[in-house]
Amino acid sequence: MQVEKFSYDNLVVKQFAIATLFWGVIGMLVGLTIALQLYIPELNFGIPYLTFGRLRPLHTNAVIFAFVGNMIFAGIYYSVQRVCKTRMISDFLSKFHFWGWQFIIVAAAITLPLGFTTSKEYAELEWPIDIMIAVVWLAFGYNLIATIVKRREKHMYVALWFYIATFVTITVLHVVNSLEIPAGILKSYPIFAGVQDALVQWWYAHNAVAFFLTTPFLGLMYYFLPKAANRPVYSYRLSILHFWALIFLYIWAGPHHLLYTALPDWAQSLGTVFSIMLIAPSWGGMLNGLLTLRGAWDRVRDNPILKFMVVAVTAYGMSTFEGPMLSLKSVNAITHYTDWTIGHAHLGALGWNGLLTFGILYWLIPVMWKTELYSKKLANVHFWISTLGIVFYSIPLYWAGLTQSLMWKQFTELGVLQYPNFLETVLQIIPMYILRSVGGFLFIAGIFLCVYNLVKTAKKGSFEKNEEAEAAPLIKEADKLKRGMIHRWLEKRPIKFALLATVVILIGGLVELIPTYLVKSNIPTIESVKPYTPLELHGRDIYIREGCNTCHSQMVRPFRSETERYGEYSKAGEFVYDHPFLWGSKRTGPDLHRQGGKYSNVWHYLHFEDPRQMSPGSIMPPYPWLLTNSLDTSSTSAKINAMRTIGVPYGEEYENFANKDLMNQANAIADDLLNNGIPADPDKDVIALIAYLQRLGTDIKGNKK
Amino acid sequence: MKINKYFFYIATALLLFSFHTQLFAAGDDALDNVMKTMLIATIIVIGIVLWLAVIYSEKNDIDGQTFKAPLIKFRQWLTKSTPVEREQEILLSHDYDGIKELDNRIPPWFSALFYGTIIWGIIYLMVFHVFDSGSVQEKEYLAEVQQANFEKQILIKSGVFINEETVTASNDPAVLNEGKEIYTKNCLACHGQDGGGLVGPNLTDEFWIHGGGIKNIFKVIKYGVPQKGMISWQTQLDPNKMKAVGSYILTFQGTKPANGKQPEGEKWTESN
């Protein structure tokens, strides 16, 4: 048979690999900064762009989409070409993908600190960037699928299944969660509100974990682990079973982020049971990874690459067991809103994504530069300090979460909250925050070792942009669908495979989203709930800009310990005008849903100037610029119009009078401040923010059901 | 290798030590239970890890090591996998860039876990949403509140839990001292160090807006006067503390501080 000669594109792999390390260092340094800010609030140097609320989204986005994202693409471009025995179909698209993705990252790194954010976790980027993401992602998808179609290998290897599922699912998630209406060049409101928005958001965010941090990495594991260990994959049928089970079940589990909230009970229960059902399919991946090492365990001992991979896969197994446990309502009641969740996320991110990335890079760079790793010893040291870093990171947070949660829930014998002052529960766990930052520091120190080692390795070797290869062309042969061979049949048909995967992942989402959107009884209407006034709307946007939702929840759960502390628990009908919802996911500060009327305007004013004036020892950052920034009232009409388009009942032409109402309300607040000894201009940001806080949760006060 | 090990031991010791101090600082009853649960969970996790280590810690040179045979048999039984030496039998013909695949049986324990969780899921949904025998969150909440109210009633009846009807002023120096502490921490900002009044009214004269005497004072502390900015303290201070601070406030009577606010409200005379 005629053998064809061709070459693999190694350049794009190299570019993505370098970007991985570059953004990895940056993303983690930002993470360390905010970890330190949690006990040294001064570390933002009084600069708005460096405050916790604005840097936190930058950290998560950088680590997920820049560090892990670039690794995914490096690994995919390397492995797809080789298991398909062909070059990527379009060098142009590969280049476009690389530079487009980096451009998006830079855009994120600029806009997020500036306060342009949608507030939706891991989807904070504003609409123009969302569109860029869609374009670049589709370019990648076309490049991927078309290359697979053109392959010289009869069947698609399991890694490719995971890549295909990744592409189709992320496309669906990104599009649905970005349905928003622009209200300015870098401002938009999601078309969904309240409960629906929350459900869409967590369906998205949960599956971003599933289909960005998990499935592509499983694909990488299926290529690089057997390569590095030089062992056959343990079980082909296990691959099939766990692949389909995983992608089908994962999509349902989003509501486990919303347990005990105003989400309807049935949706919460679906979140719980599908999370439990996910244990086995997730462990299927871990098993296939670990058992592939059968007969190679003696080599793990002195091969740092395998060590990294083994611990990564084990961390994957641990966090996919922990996750379902946290989805049980009784456990969730304790851990939710606490640092436990952060510990859990980092076990996955640092352990599974981080360590697997390092393992792959230590294997890939010497191979592409045709040399040996510069220092095995350094790699070993890196392995130990990053593992230690993970331990020091996660375990203190587990304790912090548990301690704080129990303090929130503790009643005295007389039935009164033992720790009514929220801050007391924060100060209690500061030592744990300090330990956590030590863990983070160790991990980052490790990545510097890695960079050094790999640069030295590359210097030693010689890189070849195009690697020569040869393979026989694929001969078309007729084959029929036979019983017992269905999957083999499907493995020859990438397009059908992609379509089937799409159908499989759509089911869960549709079953949960559509009824929540259409069935009225899911969100009982409350008469007294009215749209925000223009001033409150501006205040809400400032709340979003400053990222207050990264520290404050707005969802009082139906527990006695919470209704005693905050007031009546939150009802679904209260959020119908909340575009976007701002329930939050972490209580570094107290819940704010019943904040309205709790304190005087003066209290808030002084608290924003410097929280420690009102709450000695507070770790909330000061916001002095809110007192001096003037409110941008020129955008009022655009905001009112956008809100009306998505169903908020502002009257006809209200946009023309809105600013008058706004000034009246602002003047009233300024007058009240003046009466209490604080002269303040009514046109400042802080006035709007106070108006918003004083409105929060007051629509149903008094008419408890 | 050695250095790594010591490093690791020291770090673990440090870590454990820091939790130790953390843990006992909070010192609650509930913490005890959770501690136990955590301990059990930790033991289980360690067990699982050891078990996995045993199952996977197989070397190539198993031949001579007879004492390992039972473990290997056990593993075989659990995973039903084909031993490494015979893996040619289940090696698939494909070769993807040098990667080959075996076709081991799916481990029986894995299938049990998989189908077990599915069955569990179906039962869960049935219990909560078909037969309605589990309590969904609102029911759960109402039950919790009802229980708390019930316990409170008992406390009130037994006289431990005083309220605005049963409260009496105290002269006990210990109680007054406690009252002073509470006052300094919570009330001073609005009523002044000496009770002369700032944002809030003067507490030293015999004129009271909402009635004088310990019972009325207790009531105002407990429920607050929200429209005027006095917040309700009943979720933050237990009744004994409200009594203590109320009693302390009464010690201001007739002190006439230098910058006291003008009297407000009605003159109060103790009628009983």
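For every chain, the first residue of its written sequence is number 1, and the numbers climb from 1 along that sequence. Chain A is the first chain written and ligand 1 is the first ligand written, with later ones labelled in order. Note on the predicted model: pLDDT of at least 70 is required for a residue's local features to be given, and 80 or more for side-chain atom pairs to be given and counted; whole-chain, interface and lining totals, by contrast, use all residues. As a rule here, side-chain values cover all heavy atoms of the structure and leave hydrogens and water aside.

**Some details on the overall build of chain A**
The cut-off we apply is this: By the criteria applied, helices consist of DSSP H or I runs no shorter than four residues and strands consist of E runs no shorter than two, each listed in order from the N terminus. The size measure is the radius of gyration over C-alpha atoms, and the globule rule it meets is 2.2 Å times the number of residues to the 0.38 power. Any two residues whose heavy atoms approach within 4.5 Å are treated as being in contact. Accessibility throughout is a Shrake-Rupley quantity obtained with a 1.4 Å probe, and a residue counts as covered only by protein chains that appear here. Positive residues here are Lys and Arg, negative ones are Asp and Glu, while His and the chain termini are left out of the count. By convention, charge coordinates are those of NZ in Lys, CZ in Arg, CG in Asp, or CD in Glu.
A tally of helices and strands in chain A yields 26 helices and four strands. Radius of gyration (C-alpha) of chain A: 26 Å, near the 27 Å computed for a compact globule of 705 residues. Referenced to the eigenvectors of the C-alpha coordinate spread, the extents of chain A come out at roughly 90 × 50 × 50 Å. At a minimum sequence separation of 6, the contacts of chain A that also span at least 24 residues come to 83%. Accessible area of chain A: about 23,800 Å², with a carbon and sulfur share of 65%. Of the charged side chains in chain A, 60 are positive and 50 negative, and the gap between their average positions amounts to 12 Å.

**Focus on the overall build of chain B**
Counted only if it meets this: Only protein chains enter the calculation, and the probe is 1.4 Å; a residue is then buried if its accessible area is under 20% of its type maximum, exposed if over 50%, and partly exposed in between.
Regarding its fold elements, chain B presents eight helices and two strands. Reading the helices (α) and strands (β) of chain B from amino to carboxyl end gives α-α-α-α-α-α-β-α-α-β. Per-residue burial over chain B gives 33% buried out of 272 residues. In chain B, 57% of the contacts between residues at least 6 apart in sequence involve partners at least 24 apart. Roughly 17,100 Å² of accessible area belongs to chain B as shown, and the carbon and sulfur atoms make up 63% of that amount.

**A closer look at the interface of chain B and chain A**
As a reminder, the rule being used: Salt bridges are defined by distance alone: a side-chain nitrogen of Lys or Arg within 4 Å of a carboxyl oxygen of Asp or Glu. Under this definition, polar contacts are N or O atom pairs within 3.5 Å; protein pairs additionally need one hydrogen-donor-capable and one acceptor-capable atom, and for neighbouring residues in sequence, both atoms have to be side-chain atoms. Lys, Arg, Asp and Glu make up the charged group, whereas Ala, Val, Leu, Ile, Met, Phe, Trp, Tyr, Cys and Pro make up the nonpolar group; the residues left over, Gly among them, are polar.
The interface is formed by 74 residues belonging to chain B together with 82 residues belonging to chain A. Seen at the junction of chain B and chain A, the total is five salt bridges. As a salt-bridge pair, A:Lys227 and B:Asp97 come within 3.4 Å of each other at their nearest N and O atoms. Put simply, chain B and chain A have 19 residue pairs in polar contact (both at pLDDT 80 or more) between them. At the level of secondary structure, the elements contributing two or more residues to the side of chain B that touches chain A comprise helix H1 (2-26), helix H2 (29-56), helix H3 (69-79), helix H4 (108-130), helix H5 (137-158) and helix H8 (239-250) of chain B. Among the residues making up the side of chain B that touches chain A, the classes are represented as 42 nonpolar, 17 polar and 15 charged.

**Some words on helix H13 (residues 339-368) of chain A**
One turn of an α-helix holds 3.6 residues; hence residues three or four places apart share an orientation. Residue and element names in this part refer to chain A. Worth spelling out the cut-off: By this rule, a helix spans an expected 1.5 Å times one less than how many residues it contains. The angle between axes fitted to the seven residues ending at a residue and the seven residues starting there is what we call the bend at that residue.
If you check H13, its first and last C-alpha atoms are 41 Å apart, about what 30 residues at 1.5 Å a residue would give, namely 44 Å. Largest kink in H13: about 25°, centred on glycine 354. Burial runs high along H13: 26 of the 30 residues are buried. The backbone nitrogen of tryptophan 340 lies 3.1 Å from a side-chain oxygen of the residue at the head of H13, namely threonine 338. The first or second residue beyond H13 is lysine 370, which carries a positive phi of 50°.

**Section: the domain arrangement of chain A**
All names here are of chain A. Heads up, the condition is: Each domain's extent was defined by an automatic or database domain assignment. In this description, buried area is defined as the sum, over both parts, of the accessible area (probe of 1.4 Å) that is lost when the two are combined.
As far as domains go, chain A holds domain 1 (4-510) and domain 2 (534-695). A C-alpha centroid distance of 34 Å is found between domain 1 and domain 2. Facing 63 residues of domain 1, the contacting portion of domain 2 comprises 51 residues. When domain 1 packs against domain 2, the two sides together hide about 4,600 Å² of surface, and 65% of this comes from carbon and sulfur. Among the residues of domain 1 in contact with domain 2, Tyr189, Tyr337 and Phe422 are the three that bury the most area, contributing 17% of the side total. For the pair domain 1 and domain 2, the interface holds four salt bridges. A salt bridge links lysine 586 to aspartate 339; the shortest N-O distance between them is 3.6 Å. Run the count over domain 1 and domain 2 and you get 15 residue pairs in polar contact (both at pLDDT 80 or more). Take the side of domain 1 that touches domain 2: its biggest share by element is six residues, from helix H6 (residues 194-229).

**Looking at the side chain of A:Ser90**
All names here are of chain A. Here serine 90 shows up in the loop between helix H2 (52-84) and helix H3 (91-114). Within the structure, the side chain of serine 90 is placed 3.3 Å from the backbone nitrogen of phenylalanine 92, a separation counted as a polar contact. A polar side-chain atom of serine 90 sits 2.9 Å from the main-chain amide nitrogen of leucine 93.

**Thoughts on the environment of B:Met230**
Residue and element names in this part refer to chain B. Examined against the element boundaries, methionine 230 turns out to sit in the loop between helix H7 (213-223) and H8. Residue classification places methionine 230 among the partly exposed residues on the basis of a relative accessible area of 22%. A C-alpha to C-alpha distance of 9.6 Å links methionine 230 and valine 199, two positions 31 residues apart in sequence. In contact with methionine 230, not counting residues within four places along its chain, are His191, Val220, Ile221, Gly224 and Val225.

**A short note on unusual backbone geometry**
Omega for the bond connecting A:His579 with A:Pro580 falls within 30 degrees of zero, at -5°, which places this linkage in the cis form. Position of A:Pro580 among the secondary structure elements: in the loop between helix H20 (560-565) and helix H21 (601-609).

**Considering helix H19 (residues 534-545) of chain A**
Residue and element names in this part refer to chain A. With 12 residues, H19 extends 16 Å between its outermost C-alpha atoms, agreeing within 8% with the 16 Å of an ideal straight helix rising 1.5 Å per residue. H19 sits mainly inside the fold: 11 of its 12 residues count as buried. Of all the positions in H19, only Pro534, Leu535, Glu536, Leu537, His538, Gly539, Arg540, Asp541, Ile542, Tyr543 and Ile544 are classed as buried. Check the buried side of H19 and you find it contacts strand E3 (188-190), helix H23 (625-628), helix H24 (636-645), helix H25 (658-675) and helix H26 (685-695).

**Considerations on the packing of H19(A) against H26(A)**
Residue and element names in this part refer to chain A. As a reminder, the rule being used: An axis is simply a line fitted to the C-alpha atoms; with a helix, the fit covers only the stretch in contact. Between two such axes, the angle follows the N-to-C directions and lies from 0 to 180 degrees. Oblique is the label for any angle not covered by the other classes, which are roughly parallel (under 35 degrees), roughly antiparallel (over 145) and roughly perpendicular (65 to 115).
Where H19 meets H26, the closest approach of the two axes is 7 Å, and the angle between their N-to-C directions is 100°. One finds that H19 runs roughly perpendicular with respect to H26. Contact with H19, carried on its side by Leu535, Glu536, His538, Gly539, Arg540, Ile542, Tyr543 and Arg545, involves Asp685, Ile687, Ala688, Leu689, Ala691, Tyr692, Leu693 and Arg695 of H26 and no other residues of that element. Looking at the contact of H19 with H26 residue by residue, the class counts come to nine nonpolar, two polar and five charged.

**Section: the state of the cysteines**
Note the threshold: Criterion for a disulfide: a pair of cysteine sulfur atoms at a distance within 2.5 Å.
What the rule picks out here adds up to zero disulfides over all chains. Lacking any disulfide linkage, A:Cys551 is separated from the closest cysteine sulfur, that of A:Cys548, by 8.6 Å.

**Quick notes on the confidence of the model for chain B**
Residues and elements named next belong to chain B. Heads up, the condition is: The pLDDT value expresses, per residue, how confident the predictor is, ranging between 0 and 100.
With 77% of its residues at a pLDDT of 70 or more, chain B shows a mean pLDDT of 78. pLDDT under 50 marks residues 20-29. Its contacts with residues more than four places away, or in other chains, come to 15 contacts. For the stretch residues 59-67, pLDDT sits under 50, and the model shows five contacts to residues farther than four places along the chain or on other chains. Here the predicted complex scores 0.88 on pTM and 0.89 on ipTM.

**Some remarks on the packing of aromatic side chains**
For any pair of aromatic rings, geometry is given as the distance between the ring centres together with the angle between the planes. Here is the rule we go by: Ring pairs shown here join Phe, Tyr and Trp side chains whose ring centres sit within 6.5 Å, with only the six-membered ring taken for Trp; geometry is labelled stacked below 30 degrees between planes, edge-to-face above 60, and tilted in between. A ring has a charge above it when a Lys NZ or an Arg CZ is no more than 6 Å from the ring centre and no more than 35 degrees off the ring normal.
This model, assessed by the stated rule, comprises 64 aromatic pairs over all chains. A cation over an aromatic ring shows up here: A:Lys409 above the ring of A:Phe559, its NZ or CZ 4.2 Å from the ring centre.

**Re the pattern of salt bridges**
Enumeration over the complete set of coordinates arrives at 34 salt bridges over all chains. Ionic contacts of the salt-bridge type, sharing partners, join the residues A:Arg54, A:Arg545, A:Glu546 and A:Asp685 into one network.

**Focus: a nonpolar patch on the surface**
Residues and elements named next belong to chain A. Rules: What goes into a patch is any residue over 30% in relative accessible area without a salt bridge, connected to like charges within 9 Å or, for nonpolar side chains (Val, Leu, Ile, Met, Phe, Trp, Tyr), within 5 Å.
On the surface, a nonpolar cluster with roughly 610 Å² of combined accessible area is contributed by Phe45, Ile47, Tyr49, Leu50, Val106, Ile110 and Leu114. For valine 106, the position within the fold is in helix H3. Of the residues examined, valine 106 reaches a relative accessible area of 37% and is grouped as partly exposed.

**What about the confidence of the model for chain A?**
Low-pLDDT portions of the prediction should not be read for the details of their coordinates. Chain-level statistics for chain A give a pLDDT mean of 93 and a share of 99% at 70 or above. Looking across chain A, the model is least confident in helix H10 (residues 297-300) of chain A, with a mean pLDDT of 86, and most confident in helix H1 (residues 11-37) of chain A, with 97.

**Notes on the environment of A:Ile429**
Residue and element names in this part refer to chain A. Looking at the element boundaries, isoleucine 429 is found in the loop between helix H15 (422-428) and helix H16 (430-460). Relative accessible area serves as the criterion here: at 0%, isoleucine 429 is assigned to the buried category. A sequence separation of 155 residues divides isoleucine 429 from glycine 584, and the C-alpha atoms of the two residues are 20 Å apart. With residues up to four places along the chain from it excluded, the contact list for isoleucine 429 reads Asp339, Ala400, Thr403 and Gln404.

**Brief notes about the environment of A:Leu402**
Residue and element names in this part refer to chain A. For leucine 402, the location among the structural elements is in helix H14 (residues 376-409). Classification of leucine 402 by relative accessible area gives buried; the value is 6%. Considering only alpha carbons, one finds leucine 402 and threonine 338, 64 residues apart in sequence, at a separation of 7.6 Å.

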